[in-house]
Amino acid sequence: MNDDLRGQYENYPYPPRDPADEAKRLIAGSPSHICEIEHHIMGGVRNAAEPRRILVAGGGTGDATVMLAAQHAAAGIDAEIIHLDISEASSAIAKSRIDARGLTNTKFVHGAIEAIAERDLGTFDYIDCCGVLHHLEDPVAGLKALRTALKPAGGLGMMVYAPLGRTGVYHAQAMLQMIAGDLPDPDRISAARELLGELPDTNWLKRNPYVGDHLNQGDSGIYDLLLHRRDRAYSVPELAALVQQGGMRPVNFVDPARYEPSVYLTSAELLKRTSGLNWVQRCAFAELLAGNMKTHILYAVRDDNKTNSLATPDGADTIPVMRDDDGQSLGAQIKPGMSLKVDMAGVKISLPLPQLAGPILMLIDGEKSLADIHADLQSSQKPAPGQDNSRNSSTSFSARSTG
Ligand SMILES: C[S@@+](CC[C@H](N)C(=O)[O-])C[C@H]1O[C@@H](n2cnc3c(N)ncnc32)[C@H](O)[C@@H]1O
């Protein structure tokens, strides 16, 4: 069966990428952004003097490989990044992207995740496995194979499909299997295009605005979404079972807010009842409530790793870092009393911001510690004679987690 799958990714590397685009932009995101690895897996610690070994398992056309290689090079961290894939065509694209950036910290290995033990690749501080486990014949065996390649304190960032946000995808896959399952690939793609042109307005794929690969990623997108030979989706409880059977322990979903029922609910009774659920149940409840999750991005560590790998902003010397935005310009846009308006794939929420959110954000520069920020705030927020702003300064501490 891996031969069928390999054939697909040799002929339709996914996602489609042009190495020339490396001159224009770096694709960065979850899982495996360097700040997320450090936040979720490394306890918030960046020790630039400590070398890192990173495996990108099923690295495809190279999004994670390029991001990891570029971010570690920029951070001055001596990293060895190994890109593993069964598709030589996909790996060739990934390699051209790395070469286009002049990066030298990456190696390319042709092979299957399941056979990783035979490749003698050593062990890793971090493994990226994005959009791959749900295509394996035996995802538990695949995850166990990755676990054997993890150092005891290492961690894994994974993405698997989620069912509710992919509503309509599996309906279309089933129809195409019925009418074109045995045809050569170009004919299957042609049948898919014909079918997409005939979907009635009531069809669930047509009614799902959050799935778009069949509309904007060419033949590779249509193949990956609608014609894949092996594709399954995991609900939160199913994913929790996969992780546990694979010998891993979940650390956190990204974005954590999407998995928190209280982000969606206001009823005191519902808030009270959901607060009594354990973490997996709360995440499962949020998935059912939102109904829009098309993937799950999860960080996990080995189940024999009992230390807390998640960063906790619990000390005055903690340095808050922005993942992408520039604190200075973001903070300048935030006025006192503003709420943060977030659109989480159609769920619109409004989060009240602490009074000093703007000034705090403006001080987050990746260098200043919480103690520095607090001191700067105190001196800049000194009350005018006769004015008591002690309430504002205590609010500043409740905003620590903002960073
Ligand atoms: C959907 S693509 C995802 C690529 C990449 N991880 C990303 O997120 O852009 C899946 C990739 O997994 C690779 N793959 C599938 N089964 C594999 C296996 N058993 N071992 C190694 N790679 C595999 C495919 O060749 C393909 O490049």
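Residues numbered from 1 in each chain as written. Predicted model: local features only at pLDDT ≥ 70, side-chain atom pairs only at ≥ 80, totals over all residues. Heavy atoms only, no water.

## Details of the site of the ligand
Every one of the 21 residues lining the ligand counts as a neighbour, but Gly58, Asp85, Ile113, Glu114 and Cys130 are closest to it. Between the ligand and Gly58 there is a distance of 2.7 Å, counted from a nitrogen atom to a backbone nitrogen or oxygen. Here Glu114 contributes a side-chain N or O atom positioned 2.8 Å from a nitrogen atom of the ligand. Counting residues per element, the shell around the ligand draws most heavily on helix α1 (residues 2-11), at three residues. The residue inventory of the shell around the ligand, partitioned by class, reads 10 nonpolar, eight polar and three charged. (Near = heavy atom within 4 Å. Polar contact = N/O pair within 3.5 Å; in protein donor to acceptor, adjacent residues only side chain to side chain. Helix = DSSP H or I, 4+ residues; strand = E, 2+ residues; numbered from the N terminus. Nonpolar A, V, L, I, M, F, W, Y, C, P; charged D, E, K, R; others polar.)

## Remarks on the sheet that holds strand β1 (residues 52-57)
As a general point, the strands of a sheet are linked pairwise by backbone hydrogen bonds and lie either parallel or antiparallel. The strand order across the open sheet built from seven strands is β3-β2-β1-β4-β5-β7-β6, with neighbouring strands paired in mixed fashion. Since the sheet does not close on itself, it has two edges, and those belong to β3 (106-110) and β6 (248-254), each with one partner. Put simply, the sheet's adjacent strands are angled 20° from each other on average, direction ignored. Bridge analysis of strand β2 (residues 79-85) against β3 gives five bridges, and the strand direction is parallel. Looking across to β3, one finds that His83 is bridged to Phe108. Along the sheet face, helix α3 (residues 63-75) touches β1, β2, β3 and β4 (124-130) and points at about 165° away from the line of β1. (Pairing = 2+ DSSP bridges. Axes fitted to C-alpha atoms, helices over the stretch in contact; angles between N-to-C directions. Contact = heavy atoms within 4.5 Å.)

## Here's the deal with the packing of helix α6 (residues 169-180) against helix α9 (residues 218-227)
At their nearest, the axes of α6 and α9 sit 8 Å apart, and the two run at 90° to each other. Relative to α9, the element α6 lies roughly perpendicular. Across from Val169, Ala172, Gln173 and Leu176 in α6, the residues of α9 making contact are Leu225, Leu226 and Leu227. In the contact of α6 with α9, the residues fall into six nonpolar, one polar and no charged. (Parallel < 35°, antiparallel > 145°, perpendicular 65-115°, else oblique.)

## A closer look at the pattern of salt bridges
Inspection of every chain in the model, using the stated rule, returns 29 salt bridges. Arg53 serves as the salt-bridge partner of Glu80, at 2.8 Å between the closest nitrogen and oxygen. Taken together, the residues span a long stretch of sequence, with Glu80 in strand β2 and Arg53 in strand β1 at a distance of 27 residues. Glu80 gets classed as partly exposed once you look at its relative accessible area, which sits at 23%. Ionic pairing is found between Asp185 and Arg188, a salt bridge with its closest N-O pair at 3.5 Å. Linking Asp185 with Arg188, this pair stays in helix α7 (residues 185-198), spanning three residues, or about one helical turn. Just as Asp185 is buried, Arg188 falls in that class too. One salt-bridge network, in which partners are shared between bridges, spans Arg17, Asp21, Glu22, Lys24, Arg25, Asp63, Arg97 and Arg101. (Salt bridge = Lys/Arg side-chain N within 4 Å of Asp/Glu carboxyl O. Buried < 20%, exposed > 50% of the residue type's maximum accessible area, 1.4 Å probe, protein only.)

## Side note on the nonpolar core
Within the largest apolar cluster, 43 residues are counted, with the highest numbers of intra-cluster contacts made by Leu55, Ile127, Leu146, Met158 and Leu239. Formed jointly, this core draws a minimum of three residues from each of two domains, domain 1 (2-161 + 234-302) and domain 3 (327-402). If we ignore the near neighbours within four places in the chain, the residues touching Leu55 are Ile82, Leu84, Ile116, Leu121, Phe124, Tyr126, Ile127, Asp128 and Leu146. Counting residues in each nonpolar core, the second largest holds 20 residues, with Val66, Ala69, Ala79 and Tyr299 among its members. (Core = buried A, V, L, I, M, F, W, Y, C linked by side-chain atoms within 4.5 Å. Domains from an automatic or database assignment.)

## Focus on the state of the cysteines
What the rule picks out here adds up to zero disulfides. With no disulfide of its own, Cys129 lies 8.1 Å from the sulfur of Cys130, the closest cysteine sulfur. Look at Cys129 and you get buried, because its relative accessible area is 1%. Cys283 takes part in no disulfide bond, and the closest cysteine sulfur, belonging to Cys130, lies 19 Å away. (Disulfide = S-S within 2.5 Å.)

## Quick look at the confidence of the model for the chain
Across the chain, the average pLDDT comes to 92, with 94% of residues at 70 or higher. This model gives residues 388-403 a pLDDT under 50, and the stretch forms 21 contacts once residues within four places in sequence are excluded. (pLDDT = per-residue confidence, 0-100.)

## Thoughts on unusual backbone geometry
Between Tyr14 and Pro15 the backbone carries a cis peptide bond, its omega angle lying at -10°. Structurally, the position occupied by Pro15 is in the loop between α1 and α2 (34-41). At the junction of Ser30 and Pro31, the peptide bond is cis and its omega measures out at -10° in the coordinates. Within the fold, Pro31 resides in the loop between α1 and α2. A positive phi angle, near 90°, is found at Ser32, a position not held by glycine. Note that Ser32 resides in the loop between α1 and α2. Classification of Ser32 by relative accessible area gives buried; the value is 0%.

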